[in-house]
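Chain and residue survey
In case you want the letters, here they are:
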Amino acid sequence: MNVEEFRKYGKEVIDYICEYGSNIEERDVAPTLDPGYLKKLLPADAPQSPESFKDVLEDFEQKIMPGVVHWNHPKFFAYFPSGNSFPSVLGDLLSSAIGSIGFSWASCPAAAELETIVMNWYAKALGLPKAFISDAPGSTGGGALQGSASECVLVSLITARARAINELKGHTSVHDSVFLPNLIAYASREAHSSVEKATKMALVKLRIIDADERGRMRVDLLQQAIQNDVNAGLTPFFVVATVGTTGGCAFDDISEIGKVCRQVSSIWLHVDGAYAGNSFILPEMRVFSAGLEYADSFNTNPNKLLLTNFDASALWVRDVMVLKSALNVNPLYLRHEHINGVDYRHYGIPLSRRFRALKLWFVFRTYGVKGLQEYIRNHMVLAKKFEMLVRKDERFEVRNDVHLGLVCFRMRTGDEPNHLLLAQINHSGRMHMTPAKFNGRYVIRFCVTYEHATEKDILDAWSQIKGFAEEILRDVQLEISSAPTTPETERTSSEPVGPVSGKPPIKKKLTRTKSLRFSFTRSISREQFQSQSEHLMDGCTPILVVDPKTIQQNFQQATEDNQNNNNTKLKDISDVDTDEASN
Ligand code: PLP
């Protein structure tokens with residue numbers, strides 16, 4: 001493509017993006033497709049000869065777009081926001097156009113220096129402790145932009161592991177791996193699964209600490225577990241506290257956790273604020289950042305709540321030297337003479353790095369801290385509005401403390417009608433939400449994500465949710481009234497089905513296929529669902545056990561529970577499969 005063609009098609013693509021954004025509400029939020037849809041539409045091999053760009057764009061519209069989930073749709077209430085904004089898209093476009101790979105200061109001085117400056121702006125805007133800000137007097141800390149929160153957790157864990165092993169081995173020449181069986185990490189039941197993944201990759205044990213009824217790590221249990229492990233000769237080396245858990249946006253008490261961690265010198269405290277850490281840009285949210293002065297590292301994703309498109313996750317550490325020495329390799333071909341320039345390749349896993357600071361700089365400059373504050377406050381107000389609507393309807397309940405943009409709700413029934421409710425919400429194509437297990441209960445996560453979300457979006461969504469719920473509740477009542485015995489296995493007296501007034505009940509039985517199939521997305525086969533059901537149903541909860549014996553016991557227990565469940569709960573539900581998607 002020559003420059004004139006680029007100019008022509010570049011303008012067309014920008015026009016396309018503008019049309020897409022302006023008319024997005026005309027599209028379904030998510031498609032109804034079966035896996036493999038695209039394979040049927042595209043050839044099995046790459047073209048041998050060049051094709052016209054016009055044809056490529058046409059195929060993009062006709063074949064790719066139908067398979068897109070529109071994360072920037074006003075009715076997208078799933079996961080967390082994807083953080084797109086026009087300034088960040090433009091910043092990213094320039095970064096792609098420049099194409100510099102900024103692994104060292106010498107490889108792109110602007111990328112290295114802008115990253116330092118923007119990370120300090122960001123830290124100051126969030127009110128982080130001075131120890132994380134590289135230009136604060138006396139600070140040994142600093143930050144870097146990683147690709148994802150999962151990477152931030154892994155990098156922090158690897159750094160903590162290196163520090164702990166160095167302590168244990170002292171001046172001996174024992175191989176580092178000898179100390180791995182000694183090391184143990186801790187995270188709450190509600191922590192993100194990336195913690196489990198990081199410990200798996202780093203070959204260290206993870207102890208899951210129970211959470212309280214509001215989803216916060218039980219600090220008393222953490223303290224007890226650490227003490228027990230120390231007594232057993234293990235080395236506690238890494239604790240993850242979460243501010244804004246994925247399942248329910250709960251905030252762990254960092255101060256209390258920090259005090260416990262301070263008692264054991266080998267512990268590195270990492271605070272994961274992938275989504276909610278950004279909310280510390282609001283002074284009124286800093287009640288939840290109290291205690292960050294105890295943390296050795298902290299991460300938050302501007303690509304979740306700071307209008308910056310994926311990928312960008314900010315990681316700060318209080319001692320940059322510890323981080324760099326854990327990850328430092330320095331072959332001759334990467335060395336340069338500018339020893340005062342920052343080489344960000346020592347701050348993370350990859351050598352090559354995108355110029356991510358550019359898009360974040362665009363965002364800070366075009367919104368200003370005030371604009372970003374307004375955006376987050378709007379999400380908070382709208383989430384509160386939704387919470388209020390749910391709470392006013394006695395057929396429903398809200399299960400989490402709503403501090404930010406996430407509301408976890410459910411009907412006051414057993415889980416299956418709630419699975420069905422989510423399935424119908426998503427099947428409609430008019431809204432998109434995801435499930436989670438919060439404090440042991442299945443919930444539907446409603447997260448405000450759209451940049452320009454309004455009260456109307458919330459009211460429309462609630463009215464549609466109620467519509468689906470009414471039908472389901474009528475079916476539930478029909479099931480109960482037509483059942484030979486009283487099958488209230490899950491419902492307690494505090495959980496009424498709720499008044500169902502008006503129309504006569506719909507003569508339709510809940511089928512097993514229907515109630516199981518639609519949990520997470522619409523087009524999932526029954527086999528897939530059964531093999532991954534645990535994962536799909538909670539979407540966030542790490543389940544890790546420390547030794548193989550416990551794994552075996554849990555496995556046996558799960559198998560027994562499964563059999564019991566199938567024998568009791570599902571035995572009256574007919575197994576009618578009417579949809580090809582489930583085969
Ligand atoms: N930590 C928390 C609390 C999260 O909510 C998430 C994702 O939602 C992650 C970590 C993982 O984020 P990423 O996709 O950037 O790895």
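These remarks concern the structure in this document. All values reported here derive from a predicted model rather than from experimental measurement. (Residues numbered from 1 in each chain as written. Predicted model: local features only at pLDDT ≥ 70, side-chain atom pairs only at ≥ 80, totals over all residues. Heavy atoms only, no water.)

**Quick notes on the state of the cysteines**
Basically, it comes down to this: Count a disulfide wherever a pair of cysteine sulfur atoms falls within 2.5 Å. Relative accessibility thresholds used throughout: buried, under 20% of the residue-type maximum; exposed, over 50%; partly exposed, between the two (1.4 Å probe, protein chains only).
Counting across every chain of the model gives 0 disulfides. Counting only cysteine sulfurs, Cys 447 is the nearest neighbor of Cys 249, a cysteine outside any disulfide, at a range of 7.7 Å. Given a relative accessible area of 1%, Cys 249 falls into the buried group. The structure places no disulfide on Cys 408, whose sulfur is separated from the nearest cysteine sulfur, that of Cys 249, by 8.4 Å.

**Topic: the side chain of Asp 457**
Rule in force here: Helix and strand assignments follow DSSP, with helices taken as H or I runs no shorter than four residues and strands as E runs no shorter than two, numbered in order from the N terminus. Polar contacts, as used here, are pairs of N or O atoms within 3.5 Å; protein pairs need one atom able to donate a hydrogen and one able to accept it. Residues neighboring in sequence count only if both atoms are side-chain atoms. In what follows, a contact means two residues having at least one pair of non-hydrogen atoms within 4.5 Å.
In this structure, Asp 457 sits in helix H13 (residues 455-482). By relative accessible area, Asp 457 is classed as buried at 7%. Of note is the side chain of Asp 457, whose polar atom sits 3.0 Å from the backbone nitrogen of Thr 454. Here Asp 457 is in contact with Pro 74, Lys 75, Phe 77, Tyr 450 and His 452, once residues within four sequence places are set aside.

**Here's the deal with the sheet that holds strand E5 (residues 268-272)**
What counts here: Pairing between two strands requires that DSSP report at least two bridges joining them. Axis geometry follows a simple rule: fit a line to the C-alpha atoms, using only the stretch in contact for helices, then measure angles between N-to-C directions, giving values from 0 to 180 degrees.
Strand order in the open sheet formed by 7 strands is E1-E7-E6-E5-E4-E2-E3, with mixed pairing between adjacent strands. Edge positions in the sheet fall to strand E1 (142-146) and strand E3 (205-209), since each of these pairs with one other strand and no more. Mean inter-strand twist for the sheet, computed between neighbouring axes without regard to direction, equals 20°. Across 5 bridges, strand E4 (residues 235-242) lies against E5 in parallel orientation. Across the sheet, the residue bridging to Ala 241 is Val 271, located in E5.

**What to know about the site of the ligand**
Stated precisely, the cut-off is as follows: We call a residue near a given molecule or strand whenever any one of its heavy atoms falls within 4 Å of it. Surface accessibility follows the Shrake-Rupley procedure with a 1.4 Å probe radius. Residue values consider only the protein chains on display as shielding.
Neighbouring residues of the ligand: 13 residues in total, closest Ala 149, Ser 150, Thr 246, Asp 272 and Asn 301. One nitrogen or oxygen atom from the main chain of Ala 149 is found 2.8 Å from an oxygen atom belonging to the ligand. Within the side chain of Asp 272, an N or O atom sits 2.6 Å from a nitrogen atom of the ligand. Relative to its free-state accessible area of 400 Å², the ligand is covered by the protein chains to the extent of 86%.

**Comments concerning the environment of Thr 245**
Mapped onto the elements of the fold, Thr 245 is located in the loop between E4 and helix H8 (254-262). By relative accessible area, Thr 245 is classed as buried at 0%. Residues Thr 245 and Ala 274, spaced 29 residues apart in sequence, show a C-alpha to C-alpha distance of 8.6 Å.

**Description of the pattern of salt bridges**
Condition: Salt bridge criterion: a side-chain nitrogen from Lys or Arg within 4 Å of a carboxyl oxygen from Asp or Glu.
For the structure on display, the rule yields 36 salt bridges. The salt bridge involving Asp 343 is made with Arg 345; its shortest N-O contact spans 3.4 Å. The buried category is assigned to Arg 345, whose relative accessible area is 6%. A salt bridge links Arg 395 to Glu 470; its shortest N-O distance comes to 3.3 Å. Here Glu 470 lies in helix H13 and Arg 395 lies in the loop between helix H11 (356-392) and strand E8 (396-398), a separation of 75 residues in the sequence. Since its relative accessible area comes to 10%, Arg 395 is described here as buried. Given a relative accessible area of 33%, Glu 470 falls into the partly exposed group.

**Observations concerning the packing of aromatic side chains**
How we decide: Between the rings of Phe, Tyr and Trp (Trp by its six-membered ring), a pair exists once the centres lie within 6.5 Å; its type follows the angle of the planes, with under 30 degrees stacked, over 60 edge-to-face, and the other angles tilted. Each ring is checked for a lysine NZ or an arginine CZ that lies within 6 Å of its centre and within 35 degrees of its normal; such an atom marks a charge sitting over the ring.
As enumerated under the stated definition, the model contains 21 aromatic pairs in all. Centre to centre, the rings of Trp 361 and Phe 362 are 6.1 Å apart; their planes meet at 55°, and the pair counts as tilted. Judged by relative accessible area, Trp 361 falls into the partly exposed class, the value being 24%. Ring pairing ties together the aromatic residues Phe 77, Phe 386, Phe 396, Phe 409, Phe 446 and Trp 462, which thus form one cluster. The lysine or arginine in question, Arg 318, covers the ring of Phe 132, its NZ or CZ lying 5.6 Å from the ring centre. The ring of Phe 80 has Arg 445 lying over it, and the distance from NZ or CZ to the ring centre is 4.8 Å.

**Some remarks on unusual backbone geometry**
Put simply, Phe 310 and Asp 311 share a cis peptide bond, and its omega is 5°. When you line up the elements, Asp 311 lands in the loop between helix H9 (302-305) and strand E7 (313-317). Look at Cys 249: it is not a glycine, yet its phi comes out positive at around 50°. On the secondary structure map, Cys 249 appears in the loop between E4 and H8. Even without being a glycine, Leu 307 presents a positive backbone phi close to 55°. Following the sequence through the fold, Leu 307 ends up in the loop between H9 and E7. With relative accessibility at 1%, the residue Leu 307 sits in the buried group.

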